[in-house]
Amino acid sequence: MGVELKGLTGSDLRQIETESAIPGLWTLEKAVGFIFKWARKNSLWPLQFGTACCAIEMMATASGRYDLARFGAEVFRPSPRQADLLIAAGTITEKMGYALKKLYDQMPKPSWVIAMGSCTIAGGPYYYDSYTVVKGIDSFIPVDVYVPGCPPRPESLIHGLMAIQKKIEDEPIFRRRRVE
Amino acid sequence: MTLDELKAKIEERFKDSILTAVLSAQKELIVTVKPEAYHEMAVSLRDEEGLAFQHLSCLTAVDYPKENKITLVDHLWSYRHGHQMTLKLDLPRDNARVRSVEDVWKSANWLEREVFDLYGVTFEGHPDLRRIMMPEDYKKHPLRKDFSDDGFIVKPN
Amino acid sequence: MTDLLLSQIRAGQETQFGTDEYVVNLGPQHPSTHGVLRLVVRLDGETVKETTPVLGYLHRSIEKICENRTYPQCITYTDRVDYVSAMSVNYAFAQAVEKLMGIEVPVRAQWLRMIMVELQRIASHLLWMGSFAGDLGALTPLLYGMRERERIIDLFEMTCGQRLTYNYIRIGGVMIDILPEFVPKCRAFLDYFEDRIDEYEGLLTYNPIFLERTKGVGVITPEVGINCGVTGPALRGSGVSCDVRKKQPYLFYDQVKFEEALGQDGDCWSRYRVRMDELTQSVSIIRQCLDRLEPGPIEAKMPPVLKAPAGGEVYSRIESSRGEMGVYLVGDGTAKPWKAKFRCASFNNVYPLDQLTRGWKLADIMAVLGSMDMIVPEVDR
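Predicted, not measured: the structure shown is a model, and the values here were computed from it. (Residues numbered from 1 in each chain as written. Chains lettered and ligands numbered in written order. Predicted model: local features only at pLDDT ≥ 70, side-chain atom pairs only at ≥ 80, totals over all residues.)

Visitor: Any details on the overall build of chain C? Residues and values, ideally.
Guide: Helix and strand counts for chain C stand at 16 helices and 8 strands. Structurally, chain C occupies a C-alpha span of about 85 × 45 × 35 Å along its principal axes. Counting across all 381 residues of chain C, residues that qualify as buried make up 54%. (Helix = DSSP H or I, 4+ residues; strand = E, 2+ residues; numbered from the N terminus. Buried ≥ 20, exposed ≤ 12 C-beta atoms within 10 Å, placed from the backbone.)

Here you go:
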């Protein structure tokens, strides 16, 4: 399948694909992919999961002034089985780590993970002298986007969310991902 | 009642149970008590009219490895009279056991569990002495000064 | 069969269909536990038999960390002990260190601290109002609460550049002086905010559903409350006068006029009422502080390295948004504390949960827990 256009280089074709957005020019896989990606990236359902300081900033992002709903991600789900975006907001201790891993495993795939704040990225201020804090959640769940800050501003979180949307757009619709 | 009067009163009332009673530079009354008289004294401190320390603000411990002791510290406050005091008792580091005051102040329940968890002080007569912060199968006592563990990185100076 | 069963039930006789006890696990990821508190609840039907809180999911070992930091460095960690009212904990720690080392703080710095701590109390109570109403199923008050909270955070951000973890109140003073436009902006906010309080009252206070869920639920008697170490608005809801601002005045609380908000019944609604009254009182305190603010230095003269006297120790308490916040410090003659202990209100306020919820329905646990204004890092530290 597919329409062959003679005299056009690869980069021209890509430009037509992105600019014209006429599904007729695409292969079936691309057309389906377009719809899937469009749907996925504009209706991310985050899991309502916050452990510490960053959770308050996450609430601020979701409420009036910063209004996460503009980006289609305002439906915070309390159950991991209904969510496809895990915003790990706040410090993860070893005791909590098991619960976090379980939550991630319970989410239907494909799912995406934002590590929000220094603690989830690398332990943050609790790197030294702490006997409980996990030094980076990427040691046991795959992370897509890191949002640094202690805590990050709501704008940063929104930027992180847009990075996830960009990532969804760029990757194949069937994600093959190695999970150890 | 001023602190001096309170000090005199406590010294007179509990002269057999206390070791020292000092007024610190920060204007706090610090009373060191014999471990065996601790529980009995706690009951009197709470119930007696002129003392009425109904509120146990804080219960914690301090580790002194050089002197080989763990000091248990209680901070008491009386809403009725508005005075406060610190109750201290020294326990041997390798066998730290003391009678629980959970039946005197209910708030001691979790505070004692915390001290048990992080310092390894055993409270006799506590109804539910389990670890509270760390996982139940954890073996060490993190707030002791000689604590070390995998993944515990001491900040280099 | 069905008819027989129905007639038995109507007659109040015992049926052959008895109920068994079962155990429900709430958390650690649960939308209503304000973070990562875990509750193991033993139920008979829908009636609660026993509630066992399981703590430690956010135990970040702050006390251990503080033992290996210098005193000014510890201030950073105090922000994270209670991030919803970070200024209060900043102040509690700074006050303890100042008492330990005998540092005199300039007058202007004290007034500034008082303004910040009271603004923080308003912000904290607003967030609490939103999440408490959210626990009971009313999701809109959160949006109202956050709307005003953002304006307070603007004021903080204008002053110290942070939105949540301020690190503003330092040992011996404050980080930086306020900008000239802070005072008019703060006054404008207070005028705007006073009208908003009526709006919240109209939204929640006498709402029939809200009354149904909170009146008479989770009653703390004064004796139980004091014995369990409950402090702050949770105990004042039972009519016990325990406000540290009145009992052991710190800062200049003895120089401003305000009333201690007291409830009567000790139920969830009284605790809600007390916090709502505290909003009004805080507004009045801030107005008085702004009136009395005069130019002057904002930081005490201090040695470059702060060292506590060996063997010196101090326990100092303040009234944070949630209750009595105590800091216990032991010095050993070096620049680092030998022992730092944070006595947090939430830790003791959650303790009587089991006692308060026995015999009530499962959904009432959330009402009681929400009304205590519990915050997990304070419980776990």
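Visitor: Which residues make up the overall build of chain B, and what values go with them?
Guide: Helix and strand content of chain B: 3 helices and 7 strands. Helices and strands in chain B line up, N terminus first, as α-β-β-α-β-β-β-β-α-β. The C-alpha atoms of chain B give 17 Å as radius of gyration, which agrees with the globular expectation for 157 residues (15 Å, within 12%). By residue count, 39% of the 157 residues in chain B fall in the buried class. (Rg over C-alpha atoms; globule rule 2.2 N^0.38 Å.)

Visitor: How would you summarise the environment of C:Met175 if you had to cite specific residues and measurements?
Guide: All names here are of chain C. Within the element layout of this structure, Met175 appears in the loop between β5 (173-174) and α7 (182-205). Met175 sits 66 residues away from Ala109 along the chain, and the two C-alpha atoms are 9.4 Å apart. Apart from the residues lying within four places of it in its own chain, the contact partners of Met175 are Cys160, Asn167, Tyr168 and Arg170. (Contact = placed C-beta atoms within 7 Å.)

Visitor: An account of the interface of chain A and chain C is needed here, citing residue identities and associated values.
Guide: Every contact between the two is made by 30 residues of chain A and, on the other side, 28 residues of chain C. For the side of chain A that touches chain C, the elements supplying multiple residues, two or more each, are α3 (53-62) and α4 (94-106) of chain A. It is α3(A) that contributes the most residues to the side of chain A that touches chain C, 5 residues altogether. Classifying every residue of the side of chain A that touches chain C gives 16 nonpolar, 9 polar and 5 charged. (Nonpolar A, V, L, I, M, F, W, Y, C, P; charged D, E, K, R; others polar.)

Visitor: Help me get a handle on the packing of helix α2 (residues 28-42) of chain A against helix α6 (residues 154-170) of chain A, residues and values and all.
Guide: Think of two packed helices as two axes; the pair is described by the angle between the axes and how far apart they sit. Residues and elements named next belong to chain A. Contact geometry of α2 with α6 gives a least axis separation of 9 Å together with a crossing angle of 165°. It follows that α2 is roughly antiparallel to α6 by the angle criterion. Here α2 and α6 pass one another in a crossing that is right-handed. Contacts between α2 and α6 involve Lys37, Arg40 and Lys41 from the former and Gln165, Ile168 and Glu169 from the latter. Its residues assigned to classes, the contact of α2 with α6 comprises 1 nonpolar, 1 polar and 4 charged. (Axes fitted to C-alpha atoms, helices over the stretch in contact; angles between N-to-C directions. Parallel < 35°, antiparallel > 145°, perpendicular 65-115°, else oblique. Left-handed = near helix turned anticlockwise from the far one by under 90°.)

Visitor: I'd like a description of the pairing of strand β1 (residues 85-89) of chain A, backed by residues and values.
Guide: All names here are of chain A. Where burial is concerned, most of β1 is hidden: 5 out of the 5 residues are buried. Residues Leu85, Ile87 and Ala89 point to one face of β1 and Leu86 and Ala88 to the other, with burial holding for every one of them. Handedness of the crossover joining β1 and strand β2 (residues 112-116) through α4: right-handed. (Right-handed = clockwise from strand over helix to strand, strands pointing away.)

Visitor: Lay out the interface of chain B and chain C in plain terms, naming residues and giving numbers.
Guide: Between chain B and chain C, the residue contacts involve 27 residues of the former and 32 residues of the latter. Looking at the side of chain B that touches chain C, the elements with two or more residues in it are β3 (55-64) and α3 (108-119) of chain B. Classifying every residue of the side of chain B that touches chain C gives 13 nonpolar, 11 polar and 3 charged.

Visitor: Could you give an account of the sheet that holds strand β6 (residues 313-319) of chain C, naming the residues involved and the relevant values?
Guide: Residue and element names in this part refer to chain C. Strand order in the open sheet made by the 3 strands is β6-β7-β8, with antiparallel pairing throughout. Each edge of the sheet is formed by a strand with only one pairing partner; in this case those strands are β6 and β8 (339-343). On average, adjacent strands in this sheet sit at an angle of 10° to one another, irrespective of strand direction. Across the face of the sheet, helix α4 (residues 86-101) comes into contact with β6 and β7 (324-330) while running at roughly 145° to β6. (Pairing = 2+ DSSP bridges.)

Visitor: Tell me what's going on with the environment of B:Ile10, and back it up with residues and numbers.
Guide: The residue B:Ile10 is located in helix α1 (residues 3-13) in this model. Excluding its chain neighbours within four sequence positions, the residues that come into contact with B:Ile10 are B:Ala21 and B:Val31.

Visitor: A description of the pairing of strand β1 (residues 18-23) of chain B should follow, citing residues and the corresponding values.
Guide: All names here are of chain B. Counting buried residues in β1 gives 0 out of 6 residues, a small share hidden from the surface. Direction of pairing for β1 relative to strand β2 (residues 29-33): antiparallel, over a ladder of 5 bridges. The residue of β2 that forms the bridge with Ala21 is Val31.

Visitor: Let's hear about the nonpolar core: which residues, and what values?
Guide: Within the largest apolar cluster, 194 residues are counted, with the highest numbers of intra-cluster contacts made by A:Leu85, A:Leu86, A:Ala88, A:Ile114 and B:Val121. Sorting elements by how many residues they give to this core places helix α5 (residues 107-135) of chain C first, with 16 residues. (Core = buried A, V, L, I, M, F, W, Y, C linked by C-beta atoms within 7 Å.)

Visitor: Talk me through the sheet that holds strand β3 (residues 47-54) of chain C; I want residue IDs and the actual numbers.
Guide: Residues and elements named next belong to chain C. Pairing is antiparallel across the open sheet formed by 3 strands, whose spatial order is β1-β2-β3. Each edge of the open sheet is held by one strand with a lone partner, namely β1 (21-26) and β3. Averaged over neighbouring strand pairs, the angle between their axes works out to 20° when direction is ignored. Summarising the sheet, strand β2 (residues 38-44) and β3 pair through 7 bridges and their orientation is antiparallel. Bridging across to β3, Val40 finds its partner in Thr52.

Visitor: Give me the environment of B:Asp90: which residues, what numbers.
Guide: All names here are of chain B. Looking at the secondary structure, you find Asp90 in strand β5 (residues 84-92). In sequence terms Asp90 and Arg130 are 40 residues apart; their C-alpha atoms lie 22 Å from each other. With sequence-adjacent residues up to four places away left out, Asp90 is seen in contact with Lys69 and Thr71.

Visitor: Provide a residue-level description of helix α3 (residues 71-81) of chain C, including the pertinent values.
Guide: For α3(C), a buried count of 8 out of 11 residues is recorded, marking the element as mostly surrounded by other parts of the structure. On its buried face, α3(C) is in contact with α3 of chain A together with α2 (62-66), α4, β4 (169-170), β8 and α16 (376-380) of chain C.

Visitor: Pulling in residues and values, what's your account of the confidence of the model for chain C?
Guide: Residues and elements named next belong to chain C. Looking at chain C, the pLDDT average stands at 87 and 97% of residues meet or exceed 70. Helix α1 (residues 2-10) is the least confidently modelled element of chain C, averaging 73 in pLDDT, while helix α12 (residues 268-292) averages 91, the highest of any element. Overall fold confidence for the complex sits at a pTM of 0.88, while the interface term, ipTM, reaches 0.90. (pLDDT = per-residue confidence, 0-100.)

Visitor: Could you give me a rundown of unusual backbone geometry, with the residues and numbers involved?
Guide: Residue A:Pro110 is bonded to the preceding A:Lys109 through a cis peptide linkage, with omega at 5°. The residue A:Pro110 is located in the loop between α4 and β2 in this model. In the segment running from A:Cys150 into A:Pro151, the intervening peptide bond is cis, with an omega of -10°. Its place among the elements puts A:Pro151 in the loop between β3 (145-147) and α6. One non-glycine residue with positive phi stands out, namely B:Asn68, at about 55°.

Visitor: So, α3(A): which residues are in play, and what are the values?
Guide: Most of α3(A) sits out of view: 10 of its 10 residues are buried. In this structure, the buried side of α3(A) is in contact with β1, β2 and α6 of chain A together with α3 and α6 (140-160) of chain C.

Visitor: Before we move on, can you summarise the packing of α6(C) against α7(C) with the specific residues and values?
Guide: All names here are of chain C. Packing of α6 against α7 brings their axes to within 11 Å, and their N-to-C directions diverge by 165°. Classified by the angle their axes make, α6 and α7 are roughly antiparallel. Regarding α6 and α7, the two cross each other, and that crossing is left-handed. Contacts between α6 and α7 pair Pro141, Tyr144, Glu148, Arg151, Leu155, Met158 and Thr159 from the former with Phe182, Lys185, Cys186, Phe189, Phe193, Arg196, Glu199, Tyr200, Leu203 and Leu204 from the latter. Residues belonging to the contact of α6 with α7 are distributed by class as follows: 11 nonpolar, 1 polar and 5 charged.

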